[in-house]
Every structure is written in C-alpha cells, then in structure tokens.
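Per-entry structural report
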Amino acid sequence: MNFPLKLLQAFDPETSHTLALKALALGLGPKRQHLPQGTTQLLGCNLPTPLGLAGGADKTGAALQAWADMGLGFVEVGTITPNAREGNPRPRIWRLGNGEMVNWMGLNSPGVEVVAANLQRFRQHNATFCLGASLANPSKVKEGLTPSAELLAPWVDFFTFNASCPNVAGHQAHDALAPILQEVAEVIAGAAGKAVVVKLGPTDDPEALKATADALLKVGVAGFICCNTIPPDKRHLLHTPIDWPEHDAKPVGGYSGPQLLPISVAMITTLRQHLGKDVPLIGVGGVQTPADAKSLIWAGANAIQLYAGLTRHGVKLLDDIRSEVALMQA
Ligand SMILES: Cc1cc2nc3c(=O)[nH]c(=O)nc-3n(C[C@H](O)[C@H](O)[C@H](O)COP(=O)(O)O)c2cc1C
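For every chain, the first residue of the written sequence is number 1, and numbering continues from 1 along that sequence. Side-chain atom pairs in this predicted model are given and counted only at pLDDT of 80 or more, local residue features only at pLDDT of at least 70, and totals for whole chains, interfaces and linings cover all residues. Excluded from the side-chain calculation are hydrogens and water; included are all heavy atoms of the structure.

**Here's the deal with the site of the ligand**
Here, proximity means that at least one heavy atom of the residue falls within 4 Å of the molecule or strand. Close to the ligand lie 22 residues, the nearest being Gly-55, Thr-79, Lys-199, Ser-256 and Gly-286. A run of DSSP states H or I qualifies as a helix once it reaches four residues; a run of E qualifies as a strand once it reaches two. Both are numbered from the N-terminal end. Looking at the shell around the ligand, the elements that each hand over two or more residues are β4 (74-80) and β6 (100-103). Residue classes in the shell around the ligand are distributed as eight nonpolar, twelve polar and two charged. The nonpolar class holds Ala, Val, Leu, Ile, Met, Phe, Trp, Tyr, Cys and Pro. Asp, Glu, Lys and Arg form the charged class, and all remaining residues, Gly among them, are polar.

Here it is in structure tokens:
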C-alpha cells in the first residue's frame, strides 16, 4: 500500500510526520523490488543507490526497514543526543508552500539507549542496509559522545557529527569546529572504529569553507555533508525572503527547501574541486526533482539525501531520482 500522502499533508507538519513514521513502522509504506548492490562506495557501504534519507527524518530509527523497502540506499538516523531531550515547544515545524519548510525542533531525541535498542532490533533481520548515526555536540564531548558512540557502533556503518543545528544554543561557527572535532574524531575512532563525517551549515564563503574543510580533515574527519538548514541570521542566503516563524517575538528555525539547492551545489562544487576525488561528500538541501539530484552529483557529491522533497512528493520523487541516477551511472 502506498500510504496516502495527500491525507497526511492535511495535518499539521509534525502530526503528519509522526503518523507517517507510525504507518511506516507498521509496514504500511510503499515497497519496491529488492535493489541490487550498486556501484557507489560510501563510508564502508556498497550502496544500491546513492540516494539517502537526511538527518532528522527518522530521529529514532523507528522505521528503518520501511526506508529500505521504499528504495532508499541509506539512512542517517538521528540526530541522537546522549540523554532524552524534549526539544523546543510546539509548533516547531511550518510548511511555507512550494516545498519550503522551517523547523525549530531543537534536537528532540529519546536518548541514545532507545535509539541503539531500535537499531539492534533492526539489525537482527537486516545486516546490510547502510546506516549512519548523527550525533550532536553535547556540552561535554568526551563524556557525552563516548558512551553514545560505543552503544551505536555495532549497528551503524558510519557516524555523522551535526555541527550545524541552528535550533539549539551554542552551535558552533565553522571556524571554531576543529578543536571540537579533534575530540569527536578521536572519541569515535577510539570507541567505535568508524569514520565520522561532519554536517556543515550553509555558507556563501568558499574560502572559509575550504579552510574549515582543511582544518577538519587534519583532525581526522573523513568527509562532509552539505548542508544543513538556513537560520534567520543567515537569511541573506535566501534569494526570496520568507516570513520567519517567531518565538518570543524573535525569528526562529532553519529553512529547508528549493532555495537551498544553489547553496548545497556551490558548497559541494567548492569542496570537490578543493579536496580532490577521494574525500566522501554527501549533498543535501533543496532536492525536489531528478534534475536537482543530478546537479548535486555533477557538482561532485558521492551521494545525496532528501528531506523536504520527500515530504512533498512522496515515493514518486524517489523512484524518479533513482532511475535517472542509475542511468547516469550506467
Ligand atoms: C523537521 C526537520 C528536522 C530536521 N532535523 C535534523 C536533524 O535532527 N539533524 C540534521 O542533521 N538535520 C536535520 N534537518 C535538516 C535536514 O537533514 C536537511 O539538511 C535540510 O532539511 C535540507 O534538505 P531538504 O531541502 O532536502 O529538506 C531537519 C530538517 C527538517 C525539515
């Protein structure tokens, strides 16, 4: 059964997301034929398709088999925090129309133990589907991340570090990330023996981006995901202004949707040209059509991820992108 996208879209965005995850977890999602192993190598995985689910869409690993059945090649689970967090008060997701969304979730998570148990359950019947676990910067990196990395490592292929969530206090500027990432990479390599890639925020400053990437590669980071949402303090990156949702009379949240595409494409282009062909790069932001997906791959992304486009167009978008990308790779 293809669950009814139009019906889900009639609810407020967070309710429709919760309902969709419940339906998927019950096995009611769309099913595609088993995908053969493909040609894309990514962070220890051999992907059937270089098309993945972006961070934030399945924060707890509740519906992993459903994403695989739907025809995705990998899922970034999380962002996961060491302890349970409520996140920000509701409403905290807004649809703006035309595939644009703003979210102000604030790293809500049931905590790493719940997520690790979900992943363990999934691995009992699916040992091969590619999973990344997204971790965020708790106040104390070593104390917070070591137990998380140890608990999750047996079930995931790689880790991502969400260095760019705009919805929590204290998220780091790119140029301040290297010392933190040195600890993170040490912790994850030490505790888990797995690669860590960093999810960067949007930027239109290629020189600063190159400097950040150089500094992070030096401290042991394996690659990059470009990019996270646009927060109000980077609103100059939007070519068409939006009406920002407000909390306590201040604009809040992070923008997802089509206006991110030129930014994610430019960031991937810059990094690929600067870093050469071997550093893994995942492109995310603004993919709403197969042409968008192809532009990220042409820019140099090894793989791409979807969020807002999938909530707008459903599995049809996935089908269309997967077949066009397969043609590109043939
Ligand atoms: C409701 C919502 C929650 C999100 N939560 C996370 C998160 O927990 N971790 C993360 O790295 N990115 C998170 N993101 C950002 C997405 O992974 C992605 O970077 C962003 O939406 C841009 O891609 P898109 O235009 O395809 O949606 C979230 C996005 C949305 C809309």
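**Side note on helix α8 (residues 261-275)**
Multiplying one less than the number of residues by 1.5 Å gives the expected span of a helix. A rise of 1.5 Å per residue sets the reference length of α8, with its 15 residues, at 21 Å; its end C-alpha atoms lie 21 Å apart and thus fit the reference within 8%. Only protein chains enter the accessibility calculation, which uses a 1.4 Å probe; a residue is then buried when its area is under 20% of its type maximum, exposed when over 50%, and partly exposed in between. All of the buried residues in α8 are Leu-261, Ile-263, Ser-264, Val-265, Met-267, Ile-268, Thr-270, Leu-271, Arg-272 and Leu-275. When checking whether two residues touch, look at their non-hydrogen atoms; a contact exists if any pair is within 4.5 Å. In this structure, the buried residues of α8 make contact with β9 (196-200), α7 (206-218), β10 (223-226), β14 (281-284) and α9 (290-299).

**Overview of the state of the cysteines**
What counts as a disulfide here is a pair of cysteine sulfur atoms lying within 2.5 Å. For the structure shown, the criterion picks out one disulfide. A sulfur-sulfur distance of 2.1 Å marks the disulfide that ties Cys-45 to Cys-130. Between Cys-45 and Cys-130 the disulfide shows an S-S torsion of about 75°. By sign, it is right-handed. Here the residue Cys-45 occupies a position in strand β2 (residues 45-47), and Cys-130 occupies one in strand β7 (residues 130-136), the gap between them amounting to 85 residues. Among the residues examined, Cys-45 registers a relative accessible area of 5% and is labelled buried. Distance from the sulfur of Cys-227, which forms no disulfide, to the nearest cysteine sulfur (Cys-226) is 6.5 Å.

**So, the sheet that holds β10**
Here we have eight strands rolled up into a closed barrel, ordered β3-β4-β7-β8-β9-β10-β14-β15, and parallel in their pairing. Adjacent strand axes in the sheet meet at a mean angle of 25° when their direction is disregarded. Looking at chain direction, β14 and strand β15 (residues 303-306) are connected through three bridges and run parallel. Bridging from a neighbouring strand, Ile-282 pairs with Ala-303 of β15. Lying on the sheet, helix α4 (residues 112-125) is in contact with β4 and β7; it crosses β4 at an angle near 160°. The criterion for strand pairing is that DSSP finds at least two bridges linking the strands in question. The convention used is that axes are lines fitted to C-alpha atoms, helices contributing only their stretch in contact, and that angles between N-to-C directions extend from 0 to 180 degrees.

**Quick notes on the environment of Phe-159**
Following the sequence through the fold, Phe-159 ends up in strand β8 (residues 158-162). Sequence separation between Phe-159 and Glu-76 is 83 residues, and the spatial gap between their C-alpha atoms is 8.5 Å. Ignoring sequence-local partners within four residues, the contact set of Phe-159 consists of Ala-133, Leu-135, Ala-149, Leu-152, Ala-153, Ile-188, Ala-192, Lys-194, Ala-195, Val-196 and Val-197.

**Quick look at the sheet that holds strand β5 (residues 93-97)**
Read from one edge of the open sheet, three strands run β5-β6-β13, paired in antiparallel fashion. Only two strands of the sheet have a single neighbouring strand rather than two, namely β5 and β13 (254-256). Averaged over all pairs of adjacent strands, the angle between strand axes in this sheet comes to 25°, irrespective of strand direction. In terms of strand pairing, β5 meets β6 through four bridges, oriented antiparallel. Looking across to β6, one finds that Trp-94 is bridged to Val-102.

**Concerning unusual backbone geometry**
Looking along the chain, the bond that leaves Gly-78 and enters Thr-79 is cis, with omega of 20°. Here Thr-79 is to be found in strand β4. Omega for the bond connecting Arg-90 with Pro-91 falls within 30 degrees of zero, at -5°, which places this linkage in the cis form. Mapped onto the elements of the fold, Pro-91 is located in the loop between β4 and β5. Phi is positive for Leu-107, close to 50°, though the residue is something other than glycine. Looking at where Leu-107 falls in the secondary structure, it is placed in the loop between β6 and α4. Within the chain, Ala-249 stands out as a residue other than glycine whose phi angle is a positive 60°.

**With respect to the pairing of β15**
Of the two faces of β15, both are covered, the one formed by Ala-303 and Gln-305 as well as the one formed by Ile-304 and Leu-306. Two elements, strand β3 (residues 51-53) and β15, share three bridges in a ladder whose sense is parallel. Its bridge partner being in β15, Leu-51 is matched across the sheet by Ile-304. Read from β14 through α9 to β15, the crossover connection turns out right-handed. For a crossover, the right-handed case is the one in which the path from the first strand over the helix to the second runs clockwise, viewed with the strands pointing away from the viewer.

**What to know about α7**
In this model α7 runs 18 Å from its N-terminal to its C-terminal C-alpha over 13 residues, within 8% of the 18 Å that 1.5 Å per residue would give. Among the residues of α7, the N-terminal cap falls to Asp-205, whose side-chain oxygen and the backbone nitrogen of Glu-207 are separated by 3.2 Å. Looking one or two residues beyond α7, the residue adopting positive phi is Gly-220, at roughly 105°. Two N or O atoms form a polar contact when they lie within 3.5 Å of each other; inside protein one atom must be a possible hydrogen donor and the other a possible acceptor, and for residues adjacent in sequence the pair counts only when both atoms belong to side chains.

**Focus on the packing of aromatic side chains**
Side-chain rings of Phe, Tyr and Trp, where Trp is taken by its six-membered ring, are said to pair if the distance between their centres is within 6.5 Å; with planes under 30 degrees apart they count as stacked, over 60 as edge-to-face, and otherwise as tilted. Using the criterion set out here, one finds one aromatic pair in the structure. Centroid distance Phe-122 to Phe-129: 6.3 Å. Interplanar angle 80°. Geometry classified as edge-to-face. With relative accessibility at 4%, the residue Phe-122 sits in the buried group. For Phe-129, a relative accessible area of 7% translates into the label buried.

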